[in-house]
Amino acid sequence: MRIMLAPMEGVVEHHVRDILTRIGGLDGCVTEFIRVTDQKLPYKVFYKYAQELESDCKTPNGTPVRVQLLGSKPEPMAINAQELVNYGAKAIDLNFGCPAKTVNAHEGGACLLRTPDRVYAIIKAVRDAVPRAIPVTAKIRLGFEDRSSYMDNARAVEAAGADELTVHARSKVDGYKPPAYWHYIADIRAELKIPVVGNGEIWTVEDYLRCREQSGGADVMLGRGLLACPDLARQIKAHVQGEDYTPLTWAEICAMLYRYYALTTPLYCERNCGNRVKQWLMYLSRQYPQATVFFEAIKRKTTPPEIEACFQEALAASH
Ligand SMILES: Cc1cc2nc3c(=O)[nH]c(=O)nc-3n(C[C@H](O)[C@H](O)[C@H](O)COP(=O)(O)O)c2cc1C
């Protein structure tokens, strides 16, 4: 059983990967996507998204990190994958699920699922360009307009030589609207020989158990569920392994968020300094009522002293 942290553009950067992997239960992470057009990208772009390139492609607690590329042209994708490996990447993940309009307008992300032969061509080019020892993995949705092409795309991924497939069990048009259609993953698992990882709409241990039952597989990738409940992977593993585990308290979560704030404050201009914390609080609100209260207090605060004061109040109240 493996649990991976999902890539989430604009949310899961290396600090979040560090914080979440330290909590435990995670077997791997994927970076936010790095957009490839025609150019060979410079190291600074790769490094911006994958700072773990400087630390053996692992988070500080030793969890492996795959670097994700998104693009529609096989040759530039292959060249950049090769370049990434030269810079130390240990695994390359390819994105075929992004629903963003700008990305799809350039024929990247989920719109490639309309043409499984293009999915094949991109993966094949990347697979041929990087050494066999470097895993090349792919992440797809079940289709673009609808879910009818899911098996064609899954077969294309395997035929092109990918080492693993993650399936976000919805089409592009399904967006992020519940439910996730986990039973399609069972069909894919029955057909493919490579490992298949299930993804989408796992917020609780009970969701994990239902996903495992419907998808027929124990391996999952968690995205928003881990932001809402940062120790969800630990809770799932403790439950499955029959171990005692006490979920994190709000006081622990609040302290974690403050660490994140302290780490990331220097990275953003003053005006944006609280934005990432506010974004995370929105996810946490789903699981912790105290996060809603904290969010209401902080949402209009913009300066570092105001945000600091909000934190001190929330930290004091959390005990
Ligand atoms: C804000 C946001 C950003 C995302 N960015 C990426 C990305 O960069 N690459 C990718 O493959 N998927 C991306 N996804 C999709 C997630 O990896 C995941 O497939 C999706 O959220 C469903 O899983 P969940 O229900 O566990 O969140 C993103 C999702 C969200 C909500």
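Residues numbered from 1 in each chain as written. Predicted model: local features only at pLDDT ≥ 70, side-chain atom pairs only at ≥ 80, totals over all residues. Heavy atoms only, no water.

The protein chain is annotated in an unreviewed UniProt entry as tRNA-dihydrouridine(16) synthase from Cellvibrio mixtus. Here the protein chain is described in UniProt, under the heading Cofactor (unreviewed entry), as follows: "FMN". (UniProt positions renumbered as here; feature names shortened; annotations may be inferred.)

Asker: How would you summarise the pairing of strand β2 (residues 28-35) if you had to cite specific residues and measurements?
Answerer: Among the eight residues that make up β2, seven are buried, leaving the element largely enclosed by the rest of the structure. One ladder, built from two bridges, connects strand β1 (residues 3-5) with β2; its direction is parallel. Bridged to Met4 within β2 is Gly28. As judged from the five bridges shared by β2 and strand β3 (residues 65-70), these two strands associate in the parallel manner. (Buried < 20%, exposed > 50% of the residue type's maximum accessible area, 1.4 Å probe, protein only. Helix = DSSP H or I, 4+ residues; strand = E, 2+ residues; numbered from the N terminus. Pairing = 2+ DSSP bridges.)

Asker: So what about the domain arrangement of the protein chain? Which residues, and what values?
Answerer: Here the domain parsing of the protein chain yields domain 1 (3-241) and domain 2 (250-317). Contacts between the two partners involve 15 residues from domain 1 and, on the opposite side, 14 residues from domain 2. Both sides of the domain 1 and domain 2 interface together cover about 1400 Å² of buried area, and 66% of this is carbon and sulfur. The tally of links from domain 1 across to domain 2 stands at zero salt bridges. The interface formed by domain 1 and domain 2 holds four residue pairs in polar contact (both at pLDDT 80 or more) in total. Elements with a minimum of two residues in the side of domain 1 that touches domain 2: α1 (14-23) and α9 (224-228). The dominant element in the side of domain 1 that touches domain 2, judged by the number of residues it contributes, is α1, at five residues. (Domains from an automatic or database assignment. Contact = heavy atoms within 4.5 Å. Buried area = accessible area lost by both parts, 1.4 Å probe. Salt bridge = Lys/Arg side-chain N within 4 Å of Asp/Glu carboxyl O. Polar contact = N/O pair within 3.5 Å; in protein donor to acceptor, adjacent residues only side chain to side chain.)

Asker: A description of helix α3 (residues 74-86) should follow, citing residues and the corresponding values.
Answerer: The terminal C-alpha atoms of α3, which comprises 13 residues, lie 18 Å apart, in line with the 18 Å expected from a rise of 1.5 Å per residue. Looking at α3, one finds that the buried residues are Pro76, Met77, Ala78, Asn80, Ala81, Glu83, Leu84 and Val85. Backbone geometry just downstream of α3 places Gly88 in the positive-phi region, at approximately 115 degrees. (Expected span 1.5 Å × (residues − 1).)

Asker: Before we move on, can you summarise the UniProt feature "domain: DUS-like FMN-binding" (unreviewed entry) in the protein chain with the specific residues and values?
Answerer: Residues annotated by UniProt as "domain: DUS-like FMN-binding" (unreviewed entry) correspond here to residues 4-306. Taken as a whole, residues 4-306 contains 44% helix and 15% strand, while its terminal C-alpha atoms sit 36 Å from one another.

Asker: Tell me about the UniProt feature "site: Interacts with tRNA" (unreviewed entry) in the protein chain, residues and numbers included.
Answerer: Summarizing the sequence annotation, UniProt attributes the feature "site: Interacts with tRNA" (unreviewed entry) to Arg35, Asn95, Tyr176, Arg276, Lys278, Tyr283 and Lys299 in the numbering used throughout. For the residues just named, distributed over 265 residues, the greatest C-alpha separation reaches 32.6 Å, placing them at more than one site. From the set just named, the residues that line the largest cavity comprise Arg276 and Tyr283. By the element assignment, Lys278 lies in helix α12 (residues 275-284). When its relative accessible area of 12% is taken as the criterion, Lys278 is described as buried. Ignoring anything within four residues of it in the chain, the contact list for Lys278 reads Phe295, Ile298, Lys299 and Lys301. Among the secondary structure elements, Tyr283 is positioned in helix α12. A residue is classified by how much of its surface remains accessible, and Tyr283, at 22% relative accessible area, is partly exposed. Once residues within four sequence positions are removed from consideration, Tyr283 is found in contact with Met8, Arg224, Leu227 and Ala228. (1 Å grid on protein atoms, 1.4 Å probe; cavity = no way out; pocket = protein on both sides within 12 Å on 5 of 7 lines; lining within 4 Å.)

Asker: So what's going on with the pattern of salt bridges? Residues and values would help.
Answerer: This model, assessed by the stated rule, comprises 21 salt bridges. A salt bridge links Lys237 to Asp27; the nearest nitrogen and oxygen atoms lie 2.7 Å apart. With Lys237 in helix α10 (residues 232-241) and Asp27 in the loop between α1 and β2, the pair connects residues that are 210 residues apart, well separated along the chain. By relative accessible area, which is 31% here, Asp27 ends up partly exposed. With its nearest N and O atoms 2.6 Å apart, the salt bridge here joins Glu201 to Arg170. Linking Glu201 in the loop between β7 (196-199) and α8 (205-215) with Arg170 in strand β6 (residues 164-171), this pair joins segments that are 31 residues apart in sequence. Assigned by exposure class, Glu201 and Arg170 land together as buried. Within the structure, one salt-bridge network assembled from shared partners comprises Arg2, Arg66, Glu164 and Asp219.

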